[in-house]
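Here's the letter readout for the chains.
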Amino acid sequence: MALLNFRKRDAAPQGVNGQVEALLDGYSIEVMPRTAEKIECFADLLPTGTRVYIAHIDGTPIEDMVATAKRLNAEGYPVMPHFPARIIKDKATLGDWIARYQGEADVRQALLLAGGVSEPHGDFDSSMQLMETGLFDKAGFTRLHVAGHPEGNRDIDPKGGDAAVMDALRWKQAFSERTDAQMALATQFAFDADPIIAWADALRDAGITLPIHIGIAGPAKLQTLIKFAIACGVGPSLKVLQKRAMDVTKLLLPYEPTEVLTKLAAHKANHPDFGVTNVHFFPLGGIKTNAEWAIANGGTSGTPASQQA
């Protein structure tokens, strides 16, 4: 397999937007065990040290999750597995998962979230309950990310609005201040920069200063993105995709996140206190396609693991 031409940060690809390149520094990407299996060598695609989230979909055996984490760690990537509260039966199960990740894959960071099921399978309903167990702290986890929702969350605020979401974020902010955990918000993907900017500014005004790792959908067919957006409850920014779908000249072209990231990067450059610090990619059109787009837009530094001594 031909290796991609990775460039160091001081030799970005010609024509790269410097503001976008800066925002892409330290980007992360999400995989699932079944999608990771299709990648022969992650070092051919991702810079060494790229944080890789491992999504835990209901029904995925913990053995598959841990095996994926072990493989990625061995290839040079810090892994951040999902811990979806509503599919974890009880505290003993949570402790077992933590022990497996640590013992077999040297995991020390996690994304804690409620999970994509409507009814809890056991004792836990929210990420806050997972944190309250104290198990992550006892196990020496150094980084905990929690979910952020730029366009609201009907599971938390079923009647609309953001009262319950904001209460939860205030709790998480307070947790970060009374513990040693490095925390950040990892968000659902969105397609419009304006709601993201407004949401981040509202958090800052409310005293919520957790760094925001903004979810961005990678390049994909428009039909694929619309399907995922509807399934994941993406709200106002779905109109961006629907408007694009009405333009016959764009309907058959693959979507790329250039416009949304360019606008976010420009805002970040003009407002250094903007809460978005990192980009987190959802590779809905495939990991390879997403990785190639990131590299072409300056989202790489260092040397691929397969070329290191």
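Conventions adopted
- Residues numbered from 1 in each chain as written.
- Predicted model: local features only at pLDDT ≥ 70, side-chain atom pairs only at ≥ 80, totals over all residues.
- Heavy atoms only, no water.
- Helix = DSSP H or I, 4+ residues; strand = E, 2+ residues; numbered from the N terminus.
- Buried < 20%, exposed > 50% of the residue type's maximum accessible area, 1.4 Å probe, protein only.
- Contact = heavy atoms within 4.5 Å.
- Areas by Shrake-Rupley, 256 points an atom, 1.4 Å probe, with all protein chains shown as cover.
- Expected span 1.5 Å × (residues − 1).
- pLDDT = per-residue confidence, 0-100.
- Axes fitted to C-alpha atoms, helices over the stretch in contact; angles between N-to-C directions.
- Left-handed = near helix turned anticlockwise from the far one by under 90°.
- Nonpolar A, V, L, I, M, F, W, Y, C, P; charged D, E, K, R; others polar.
- Core = buried A, V, L, I, M, F, W, Y, C linked by side-chain atoms within 4.5 Å.
- Pairing = 2+ DSSP bridges.
- Arc of directions from axis to C-beta.
- Parallel < 35°, antiparallel > 145°, perpendicular 65-115°, else oblique.

### A closer look at the overall build of the protein
Then step 1. Along the backbone of the protein there are 13 helices and eight strands.
Then step 2. Split into buried and exposed, the 309 residues of the protein put 48% on the buried side.
Then step 3. Intrachain contacts of the protein at a sequence separation of at least 6 include 80% that bridge at least 24 residues.
Then step 4. Working note: accessible area of the protein is about 14,400 Å², and carbon and sulfur atoms make up 52% of it.

### With respect to helix α8 (residues 193-205)
Three- or four-residue spacings in an α-helix give side chains the same orientation, since the helix completes a turn every 3.6 residues.
Then step 1. In a regular helix each residue adds 1.5 Å, so 13 residues correspond to 18 Å; α8 covers 18 Å between its end C-alpha atoms and thus fits that length.
Then step 2. When we look at burial in α8, the residues that qualify are Ala193, Ile196, Ile197, Trp199, Ala200, Asp201 and Leu203.
Then step 3. Of the surrounding secondary structure, the elements contacted by the buried residues of α8 are β5 (143-148), α7 (163-178), β6 (182-189), β7 (212-217), α12 (258-270) and β8 (276-282).

### Quick look at the confidence of the model for the protein
Then step 1. Across the protein, the average pLDDT comes to 85, with 80% of residues at or above 70.
Then step 2. Taken as a whole, residues 1-12 scores under 50 in pLDDT and shows 33 contacts with residues more than four places along the chain or in a different chain.
Then step 3. In the model, residues 301-309 has pLDDT below 50 throughout and makes 20 contacts with residues more than four positions away in sequence or in other chains.

### Details of unusual backbone geometry
Then step 1. One non-glycine residue, Asp106, lies in the positive phi region at around 55 degrees.
Then step 2. Looking at the element boundaries, Asp106 is found in the loop between α4 (91-105) and β4 (109-113).

### Let's talk about the packing of α8 against α12
Then step 1. Direction vectors running N to C along α8 and α12 enclose 35 degrees, while the axes themselves pass 9 Å from each other. Considering the relative orientation of α8 and α12, their crossing is right-handed. Residues Ala193, Asp194, Ile196, Ile197 and Asp201 of α8 form the contact with α12, whose participating residues are Val260, Lys263, Leu264 and His267.
Then step 2. The class makeup of the residues in the contact of α8 with α12 is five nonpolar, one polar and three charged.

### Describing the nonpolar core
Then step 1. Ranked by internal contacts, the top residues of the largest apolar core, which has 81 residues, are Phe83, Phe136, Leu261, Leu264 and Phe281.
Then step 2. Ranked by residue count, the leading element in this core is α8, at six residues.
Then step 3. Tyr53, Met80, Ala147 and Ala186 belong to the second-largest nonpolar core, a separate cluster that totals six residues.

### Focus: the pairing of β8
Then step 1. Counting buried positions along β8 gives six out of seven residues, so the element sits mostly inside the fold.
Then step 2. One ladder, built from six bridges, connects β7 with β8; its direction is parallel. Directly across from Ile214, in β8, lies its bridge partner Val279.

### Here's the deal with the pairing of β5
Then step 1. Most of β5 is tucked away, with six of its six residues classed as buried.
Then step 2. Of the pairings in the sheet, the one linking β4 to β5 comprises four bridges and is parallel in character. Within β5, the position partnered with Leu112 by the bridge is Val146.
Then step 3. As judged from the six bridges shared by β5 and β6, these two strands associate in the parallel manner. Its bridge partner being in β6, Arg143 is matched across the sheet by Gln182.

### Comments concerning the sheet that holds β6
Then step 1. Taken together, the eight strands give a closed barrel; going around it, the order is β1-β2-β3-β4-β5-β6-β7-β8, and neighbouring strands pair in parallel fashion. Averaged over all pairs of adjacent strands, the angle between strand axes in this sheet comes to 30 degrees, irrespective of strand direction.
Then step 2. Packed on one face of the sheet, helix α3 (residues 62-74) meets β1 (28-31), β2 (51-54) and β3 (79-84) and runs near 170 degrees to β2.

### Overview of the environment of Ile29
Then step 1. Locating Ile29 in the fold gives a position in strand β1.
Then step 2. C-alpha separation for the pair Ile29 and Ile216, spaced 187 residues apart in sequence, amounts to 9.5 Å.
Then step 3. Ile29 has contacts with Leu46, Arg51, Val52, Tyr53, His280, Phe281, Pro283, Ile287 and Asn290, leaving out every residue within four places of it along the chain.

### Comments concerning α4
Then step 1. Taking 1.5 Å of rise per residue, 15 residues should cover 21 Å, and α4 covers 21 Å from first to last C-alpha, within 8% of that figure.
Then step 2. Buried residues of α4: Leu94, Trp97, Ile98, Tyr101, Gln102 and Ala105, and no others. An end-on view of α4 places all buried positions within 120 degrees of arc, on one side of the element. Facing away from the buried side of α4 by more than 90 degrees, the exposed set consists of Ala92 and Gly103.
Then step 3. Tucked into the core, α4 has its buried residues touching α3, β3, α5 (127-132) and α6 (135-138).

### Considerations on the packing of α3 against α4
Then step 1. One can describe the packing of α3 onto α4 by two numbers: an axis separation of 9 Å at closest approach and a directional angle of 30 degrees. When the axes of α3 and α4 are compared, the pair comes out roughly parallel. Our pair here, α3 against α4, has a crossing hand that is right-handed. Mapping the contact onto sequence places Ile62, Glu63, Met65, Val66, Ala69, Lys70 and Asn73 in α3 and Trp97, Arg100, Tyr101, Glu104 and Ala105 in α4.
Then step 2. Its residues placed into classes, the contact of α3 with α4 shows seven nonpolar, one polar and four charged.

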